[in-house]
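Report on the structure
Below are the chains, spelled out letter by letter.
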Amino acid sequence: MPKRILLVGAGLSGAVIGRALAEAGNAVTVIDERAHIAGNCHTERDAESGIMVHVYGPHIFHTDDDRVWDYVNRFETFMPYVNRVKTTSAGRVYSLPVNLHTINQFFGKCFRPDEARQFIESLSDTSIAEPGTFEEQALRFVGKDLYEAFFKGYTIKQWGCDPNDLPASILKRLPVRFNYDDNYFFHRHQGMPANGYTGMIGKILAHEGIEVHLNRRFSRSDAAEFDHVFYSGPLDGYFDCELGRLGYRTLDFEMFRHDGDYQGCAVMNYGDAEVPYTRITEHKHFSPWEKHEKSVCYKEYSRACGPDDIPYYPIRMAEEKALLGQYVERARRERQVTFVGRLGTYRYLDMDVTIREALDAAEAYVRNGGEIPPF
Ligand code: UDP
């Protein structure tokens, strides 16, 4: 018996779950309060230059999950793209993630891999056996000088707090390499959708069993018309923030234009605390297979997310985790609703993990004949 399913949010989670459930013969409605699909992955061509702009900041697709890679390639051609990030610190430009080039540039050396490894070990604070915080992780693995040049100021700007209050897991996203590999990611698959993420998500949603309604805000009373709801909006927002607000960082982008090439790369980070933005992104470099004379750049600023701002990064410090636990308890009691995605589960999720979890959630729903364990 086909079910009537409501997907709240037309981002990656909503589109992938919606598609899978429509293919399984269900009647799917997707709503989104914004005027466009694709959530924070939304891309659009700049009217003046034709450059594909990552409207809510850079999104680079990378994964080790073959199933996810096959899935995205089913809908969109992925063009070769390797994320090579640079950082500016104290008036000099360095290669990221920290690699042999960075170490040799920074310390003015010509180390070979083993020498660099020994040198960095000699700088490391070995009294920290089990790093618990961001700062401890940095001091243990790169030492004080590299930490202060590349991570401390950037992280204070990005997260608005002392790096000692942040979990080590945030820094564990970044490797330290003792070779000249400056690929920011180490996954086997990496690329950019030829027609942007909105093009890809549009194709995922293009199925006769899916209706999409934009500019439509969810209200809990909508659920009455459906057999099941997959909710990818903010978890606290679902409960009208009755227990308090879960903390997020939001981003502001200051767009500027440039004739020619502004910075020669897609992403330039700024490690100094005195520079108010965290990074500048030059969007044409995210589509290196296209040729553009003009340029569109974003200066990216991070700040605490207010009630009317767009949530980006869940903060997940001790206080938020306690509140999250209370919301999860309430979410578990919502029998007819499954909470999905970055906002619905309040986690720092990469796109590939979001897709994988969405595929798994849809499969679990189909397998169990419409029942799915909530949350
Ligand atoms: N980070 C940093 N300096 C950099 C790049 C990253 O200190 O130049 C820290 C920062 O705290 C950031 C974390 O490492 O939140 C993870 O970096 P990643 O590039 O994965 O962040 P994202 O692209 O998700 O914003």
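Residues numbered from 1 in each chain as written. Predicted model: local features only at pLDDT ≥ 70, side-chain atom pairs only at ≥ 80, totals over all residues. Heavy atoms only, no water.

1. Comments concerning the side chain of Gln190
Assignment of secondary structure puts Gln190 in strand S9 (residues 189–193). Classification of Gln190 as buried rests on a relative accessible area of 13%. A polar contact is formed between the side chain of Gln190 and the backbone nitrogen of Asn83, at a distance of 2.8 Å. (Helix = DSSP H or I, 4+ residues; strand = E, 2+ residues; numbered from the N terminus. Buried < 20%, exposed > 50% of the residue type's maximum accessible area, 1.4 Å probe, protein only. Polar contact = N/O pair within 3.5 Å; in protein donor to acceptor, adjacent residues only side chain to side chain.)

2. Considering the nonpolar core
By size, the foremost hydrophobic cluster in this structure holds 81 residues, and its most contacted members are Ile17, Phe61, Met200, Phe230 and Ile355. Per-element accounting of this core gives the leading share, 8 residues, to helix H11 (residues 351–367). Ignoring sequence-local partners within four residues, the contact set of Phe230 consists of Ile5, Leu6, Leu7, Val8, Ile17, Leu21, Thr338, Val340, Ala361, Tyr365 and Ile372. (Core = buried A, V, L, I, M, F, W, Y, C linked by side-chain atoms within 4.5 Å. Contact = heavy atoms within 4.5 Å.)

3. Let's talk about helix H9 (residues 318–332)
When the terminal C-alpha atoms of H9 are compared, their 21 Å separation across 15 residues agrees well with the 21 Å that a helix rising 1.5 Å per residue should span. Elements that come into contact with the buried residues of H9 comprise helix H8 (235–238), strand S17 (337–339) and helix H10 (341–345). (Expected span 1.5 Å × (residues − 1).)

4. Focus on the sheet that holds strand S1 (residues 4–8)
With parallel pairing, 5 strands are arranged side by side in an open sheet as S10-S2-S1-S11-S17. The sheet is open, and its two borders are formed by strand S10 (210–213) and S17, each paired with just one other strand. The sheet shows a mean angle of 20° between the axes of neighbouring strands, direction not considered. Pairing between S1 and strand S11 (residues 228–231): 4 bridges, direction parallel. Residue pairing across strands places Val8 opposite Tyr231, the latter belonging to S11. (Pairing = 2+ DSSP bridges. Axes fitted to C-alpha atoms, helices over the stretch in contact; angles between N-to-C directions.)

5. Thoughts on the site of the ligand
Inspection of the region around the ligand gives 16 residues, with Arg173, Tyr184, Asn269, Tyr313 and Tyr348 positioned closest. A distance of 3.2 Å is found between an oxygen atom of the ligand and a backbone nitrogen or oxygen belonging to Phe151. Here an oxygen atom of the ligand and a side-chain polar atom of Tyr313 are 2.6 Å apart. Ranked by the residues each element gives to the shell around the ligand, the list is headed by helix H6 (residues 143–159), at 6 residues. (Near = heavy atom within 4 Å.)

6. Some remarks on the pairing of strand S15 (residues 294–304)
When strand S12 (residues 248–259) meets S15, the two strands line up antiparallel, connected through 11 bridges. The residue bridging Glu254 from the neighbouring strand is Lys299, located in S15. Pairing of strand S14 (residues 279–282) with S15, which is carried by 4 bridges, proceeds in the antiparallel orientation. When the sheet's bridge partners are listed, Glu282 is paired in S15 with Cys297.

7. Some details on the packing of helix H2 (residues 66–75) against helix H7 (residues 196–205)
The N-to-C vectors of H2 and H7 enclose an angle of 90°; their axes lie 8 Å apart at closest approach. In terms of axis orientation, H2 runs roughly perpendicular to H7. Counting all contacts with H2, which are made through Tyr71, Val72 and Phe75, the residues of H7 involved are Met200, Lys203 and Ile204. (Parallel < 35°, antiparallel > 145°, perpendicular 65-115°, else oblique.)

8. A look at the environment of Phe107
Here Phe107 is to be found in helix H3 (residues 100–107). By relative accessible area, Phe107 is classed as buried at 18%. If sequence neighbours within four positions are ignored, Phe107 has contacts with Phe119, Ile120, Leu123, Asp145 and Leu146.

9. As for the sheet that holds strand S6 (residues 78–80)
The strand order across the open sheet formed by 3 strands is S5-S9-S6, and the pairing between neighbours is antiparallel. Two strands lie at the open edges of the sheet, namely strand S5 (61–63) and S6, each paired on one side alone. Going across the sheet, the axis of each strand differs from the next one's by a mean of 45°, ignoring polarity. With 3 bridges connecting them, S5 and S9 associate as antiparallel partners. Note that in S9 the partner of Thr63 across the bridge is His189. On top of the sheet, H7 reaches S5, S6 and S9; it is set at about 90° to S9, its chief contact.

10. Here's the deal with the packing of H3 against helix H4 (residues 113–123)
With their axes 11 Å apart at the nearest point, H3 and H4 run at an angle of 65° to one another. At the point where H3 passes H4, the crossing takes the left-handed sense. Residues Leu100, Ile103 and Phe107 of H3 form the contact with H4, whose own contacting residues are Pro113, Ala116, Phe119, Ile120 and Leu123. Here the residues of the contact of H3 with H4 sort into 8 nonpolar, no polar and no charged. (Left-handed = near helix turned anticlockwise from the far one by under 90°. Nonpolar A, V, L, I, M, F, W, Y, C, P; charged D, E, K, R; others polar.)

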